[in-house]
Structure formats: structure tokens, C-alpha cells
Amino acid sequence: MSSKDAPPPLPEPLLVPVADSHTHLDMQSGTVEEALTKAAAVGVTTVVQVGCDIKGSQWAAETAAAHENVHAAVALHPNEAPRIVLGDPDGWSRQGAREAGGDAALDDALAEIDRLASLPYVRAVGETGLDFFRTGPEGIAAQERSFRAHIEIAKRHGKALVIHDREAHADVLRVLDEEGAPERTVFHCYSGDADMARICAAKGYYMSFAGNMTFKNAQPLRDALAVAPLELVLVETDAPFLTPAPYRGRPNAPYLIPVTVRAMAAVRGIGEEELCAAIAVNTATAFDY
């Protein structure tokens, strides 16, 4: 195994336990038990396992049912909706190549997300939203229809909404305004600037910061973190993606949360324990566990 593929070492444990508000255990190497044990060893005692498609959402619900420290979020990722409607001839996603299913196929998929969202171990509907980075203009209608449906599902079941917003800030905020956001709305892997953080704060949206806030070019994220109200700040890995510096490019996992937390505390100018205590309360409040 090259050093690039090697898992980073365990960081010093946090003295106050926190939750990883967004992870993909199904995309990480090793077992769920191994991931949870390593995380708990450094003070990351709870994780929110997030689904991106039907299979992943079913797996998230099953995993949360089996582990008391795992909570599930279920959804069709914004990039999944156009693949269902328009097909995926290149087979880029985990399902491989797919035929176009049209709106009927999207309705069927949304019905399964609705069913999963009713389960007690499922604490959130997400990740849903808009992604103009990977999906071209032809996919926007399917994305927006799916996003609106997920907002309705979250509100009907009284669950949190977890937002994926990539290069679509204005449109995500517009759709939330038009539909009326659920009481608890989380911007996963917050990617806006300080001005957007002020808008989110005014609306009571949670902002979850990931390892990319440690990257050299991420000053706008650090500026956003500096102005976000402490009671609306969460932390996440989005593992196996977005591994924090100095381990960027190596596999991410929930046990690396302390690296990001310490970078966040430095930006806020507060002690690690104060930040952890706030994050622990905020995550439990956001996801109602």
C-alpha cells in the first residue's frame, strides 16, 4: 500500500465527544464496527450515515437499526435524479449503466425514500439539493423536482433535511424559500461564503463544515465559519471524501473528525472543548436524537 492509500494515523482524542454529522460508511474500507470503534477511540461517538440512492438509503436505514450510535439519512442525491429520469449510459454511478426511466421511475424512487423516511432510525432526508457541477442543464429539471419532493417528505415525517449544494447556492436558497424549509435544515459540507452564512443564520439553517475547510484555498469557508452562529455549527467528514490537511488525498473516515474540529476551533478563536460541547448539542438537536 502506498502512503497515498494508507489510512492517516489516529489523532489525539477529543476530551468532549462529538458526532460526525455526515459520513458514507458504505464507501469506506473495513467494517462498520471497525469504523465505529476507531471513531469512538478518539471521541467521535455518533455518526450520521447518509444515503445517496435507493440501495444506499436502504443500507443506511438497516445500519442505523443495527447500531445505536448510527443515525440514518435517506435520499436520492441531486446527481442521482437525472440518472433515473434520463438514464446513465456511461454507468458513472455505482449502479452501472442504466436506461432512461422518465418521471415515472423518479416517482417510484421517491416513494421508496418516503417509505424509508418514516422509519424511527432514519433521522433525516438527505442528501438532496442541487448540483450544477456534475449535472448539465438537461438534468436541472429532474434535480429540482426531486429536491422539492424531498423537502415535502422531510416536512411530512418531521425529519431534518440535509442539503447538498454544489455551485447552486442561489437556486438552493430559492427552492427552500418557495417550498418552505423544514424546521431543521442542514447545509452539508457547507460551501458558501460569509455572506451566504449570514443568510443561513438568519433562517436558522445549520452549517456543517468538512475537512475542506482546512485546505489552503478555502479562506471563504473559514470566513463563513467565523461568522456562523456557534449554535448552528456542525462538523462532518463526508468520508471517504474531503480528508483534512495534512492528509488530503488519503482516505477519510469518522476518526479524523478531531483534525477538522481543531482547525475549526482555531478559526473561531475558542477552545476545542467549548466547540465540541456546542457541536454535540447542535448535532443532537438538528437530527433529533
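Note that the coordinates shown come from a computational prediction; the quantities given were computed from them, not determined experimentally.

> Could you clarify how one ought to interpret the side chain of Glu 112 in this entry?
Mapped onto the elements of the fold, Glu 112 is located in helix α4 (residues 102–117). Excluding anything up to four places from it in sequence, Glu 112 contacts Ile 54 and Gln 58.

> What's the story with helix α10 (residues 272–287) in this structure? I'm lost.
Think of an α-helix as turning once every 3.6 residues; residues three or four places apart then point the same way. The terminal C-alpha atoms of α10 lie 22 Å apart, and with 16 residues this matches the ideal 22 Å at 1.5 Å per residue to within 8%. Of the residues trailing α10, Asp 288 is marked for its positive phi of about 55 degrees.

> Sorry, what's going on with the pairing of strand β2 (residues 44–50) here?
Residues in a regular strand project their side chains so that they alternate between the two faces of the sheet. Burial runs high along β2: six of the seven residues are buried. For strand β1 (residues 18–23) and β2, the ladder comprises four bridges, and the chain directions are parallel. Residue Ala 19 lies in a different strand from β2, and its bridge partner there is Thr 46. Read as a crossover between parallel neighbours, the route from β1 over helix α1 (residues 32–41) to β2 is right-handed. With respect to chirality, the unit in which β2 leads through helix α2 (residues 54–66) into the neighbouring parallel strand β3 (residues 70–74) is right-handed.

> How should I be thinking about the environment of Ala 160 in this particular structure?
Among the secondary structure elements, Ala 160 is positioned in strand β5 (residues 160–166). Sequence separation between Ala 160 and Ala 124 is 36 residues, and the spatial gap between their C-alpha atoms is 4.4 Å. With near-sequence residues (within four places) excluded, Ala 160 lies in contact with Arg 123, Ala 124, Val 125, Ala 154, Arg 184, Ala 286 and Phe 287.

> Would you mind showing me how to read α2 here?
When the terminal C-alpha atoms of α2 are compared, their 19 Å separation across 13 residues agrees well with the 18 Å that a helix rising 1.5 Å per residue should span. Contact partners of the buried residues in α2: α1, β2, β3, α4 and β4 (122–131). Two to three positions downstream of the cap, the backbone nitrogen of Lys 55 sits 3.4 Å from a side-chain oxygen, assigning the N-cap of α2 to Asp 53.

About the thresholds
Residues numbered from 1 in each chain as written. Predicted model: local features only at pLDDT ≥ 70, side-chain atom pairs only at ≥ 80, totals over all residues. Heavy atoms only, no water. Helix = DSSP H or I, 4+ residues; strand = E, 2+ residues; numbered from the N terminus. Contact = heavy atoms within 4.5 Å. Expected span 1.5 Å × (residues − 1). Buried < 20%, exposed > 50% of the residue type's maximum accessible area, 1.4 Å probe, protein only. Pairing = 2+ DSSP bridges. Right-handed = clockwise from strand over helix to strand, strands pointing away. Polar contact = N/O pair within 3.5 Å; in protein donor to acceptor, adjacent residues only side chain to side chain.

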